[in-house]
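A look at the structure
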Amino acid sequence: SQKIEQNSEALNIQEGKTATLTCNYTNYSPAYLQWYRQDPGRGPVFLLLIRENEKEKRKERLKVTFDTTLKQSLFHITASQPADSATYLCAVYNQGGKLIFGQGTELSVKP
Amino acid sequence: NAGVTQTPKFQVLKTGQSMTLQCAQDMNHNSMYWYRQDPGMGLRLIYYSASEGTTDKGEVPNGYNVSRLNKREFSLRLESAAPSQTSVYFCASSEQGYTEAFFGQGTRLTVV
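Predicted model, so just to flag it, every value in this text is computed and none were measured. (Residues numbered from 1 in each chain as written. Chains lettered and ligands numbered in written order. Predicted model: local features only at pLDDT ≥ 70, side-chain atom pairs only at ≥ 80, totals over all residues. Heavy atoms only, no water.)

With respect to the overall build of chain A
Across its full length, chain A holds zero helices and eleven strands. Relative to its length of 111 residues, chain A is compact, with a C-alpha radius of gyration of 13 Å against a globular reference of 13 Å. Its C-alpha atoms give chain A principal-axis dimensions of roughly 40 × 30 × 20 Å. Of all 111 residues assigned to chain A, the portion counted as buried reaches 46%. A fraction of 53% describes how many contacts in chain A between residues 6 or more apart in sequence connect residues 24 or more apart. Summing over all exposed atoms, chain A offers an accessible surface of approximately 5600 Å²; the carbon and sulfur share of this is 45%. In chain A, 14 side chains carry a positive charge and 11 a negative one; their mean positions are 3 Å apart. (Helix = DSSP H or I, 4+ residues; strand = E, 2+ residues; numbered from the N terminus. Rg over C-alpha atoms; globule rule 2.2 N^0.38 Å. Buried < 20%, exposed > 50% of the residue type's maximum accessible area, 1.4 Å probe, protein only. Contact = heavy atoms within 4.5 Å. Areas by Shrake-Rupley, 256 points an atom, 1.4 Å probe, with all protein chains shown as cover. Lys, Arg positive; Asp, Glu negative; His and termini not counted. Charge placed at Lys NZ, Arg CZ, Asp CG, Glu CD.)

The structure is reproduced here in structure tokens:
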């Protein structure tokens, strides 16, 4: 079955630095990969979608890469701020059309 | 826009009791999902519905049933609640496969 793995260890960085989160997938080659943000007590909120033929996608301070050879996506937040502190989840639609999530990585940005 | 609405927000059940979690979306989406979220486990798919009248099992369907009553509503039923079903439940919808999903605010369920 398809598996999505994210670094389960929390990521702690200093304000102004770039945060980089990793998403690895196995047993499947998704055509699309998504990233979501989740704040405590809230549902996930969609951030970005990247297609398999796109190497990189940007939105303001966010950048996502998609390496289909490595089966990996990297999610970058540049010039990070304390307000960026949250859990970030990657997700793919599997061959049956079901949306499958990784376990998420908690990011903490310290002032 | 209301988006995806879940009821109730909080619920405490005794072991063996039954209940139904309600979910409704007003975005005319075809696909709807039920997930549970436990600490350190991320979001695990319980059931999925690609369209009205169709449902499919996800990763953790045991102990649950679902009904896609119409295009707007997708309910999740626990017939005989167990402490292992203590979790936060999220409903989501998307226009079709491959598009962004929208989530409800979640239902925090405790089974004692």
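So, next bit.
Here's the deal with the overall build of chain B
A tally of helices and strands in chain B yields zero helices and eleven strands. The order of helices and strands in chain B, counted from the N terminus, is β-β-β-β-β-β-β-β-β-β-β. By the compact-globule yardstick of 13 Å for 112 residues, chain B fits well, its C-alpha radius of gyration being 13 Å. If you line up chain B on its principal axes, its C-alpha atoms span 35 × 25 × 25 Å. Counting all 112 residues of chain B, 46% fall into the buried class. Here the analysis covers contacts within chain B between residues at least 6 apart in sequence; of these, 55% occur between residues at least 24 apart. Summed over all atoms, the accessible surface of chain B reaches about 5300 Å², with 47% contributed by carbon and sulfur. Of the charged side chains in chain B, 10 are positive and 9 negative; the average position of the first set lies 8 Å away from that of the second.

Here we look at the state of the cysteines
A full pass over the atoms with the stated rule returns two disulfides over all chains. Two residues share a disulfide in this structure: A:C23 and A:C90, whose sulfurs sit 2.0 Å from each other. Measuring the twist about the S-S bond at about 70°, one finds the A:C23-A:C90 disulfide to be right-handed. Here A:C90 lies in strand β9 (residues 86–93) and A:C23 lies in strand β3 (residues 19–26), a separation of 67 residues in the sequence. Residues A:C23 and A:C90 agree in their burial class; the two are buried. Disulfide pairing places B:C23 opposite B:C91 at an S-S distance of 1.8 Å. Of note, the bridge from B:C23 to B:C91 carries an S-S torsion of about -75° and is left-handed in sense. You can see B:C23 sitting in strand β3 (residues 19–25) and its partner B:C91 sitting in strand β9 (residues 87–94), a full 68 residues away along the chain. (Disulfide = S-S within 2.5 Å.)

Side note on the sheet that holds strand β6 (residues 56–59) of chain A
All names here are of chain A. Judged by pairing direction, the sheet is antiparallel, and its five strands sit side by side in the order β1-β3-β8-β7-β6 without closing on themselves. Of all strands in the sheet, those with a lone pairing partner are β1 (3–6) and β6, marking the two edges. Here the strands of the sheet are splayed against their neighbours by 15° on average, with no regard to which way each runs. Looking at chain direction, strand β7 (residues 62–67) and strand β8 (residues 72–77) are connected through six bridges and run antiparallel. Across the sheet, residue T65 finds its bridge partner in β8, namely L74. (Pairing = 2+ DSSP bridges. Axes fitted to C-alpha atoms, helices over the stretch in contact; angles between N-to-C directions.)

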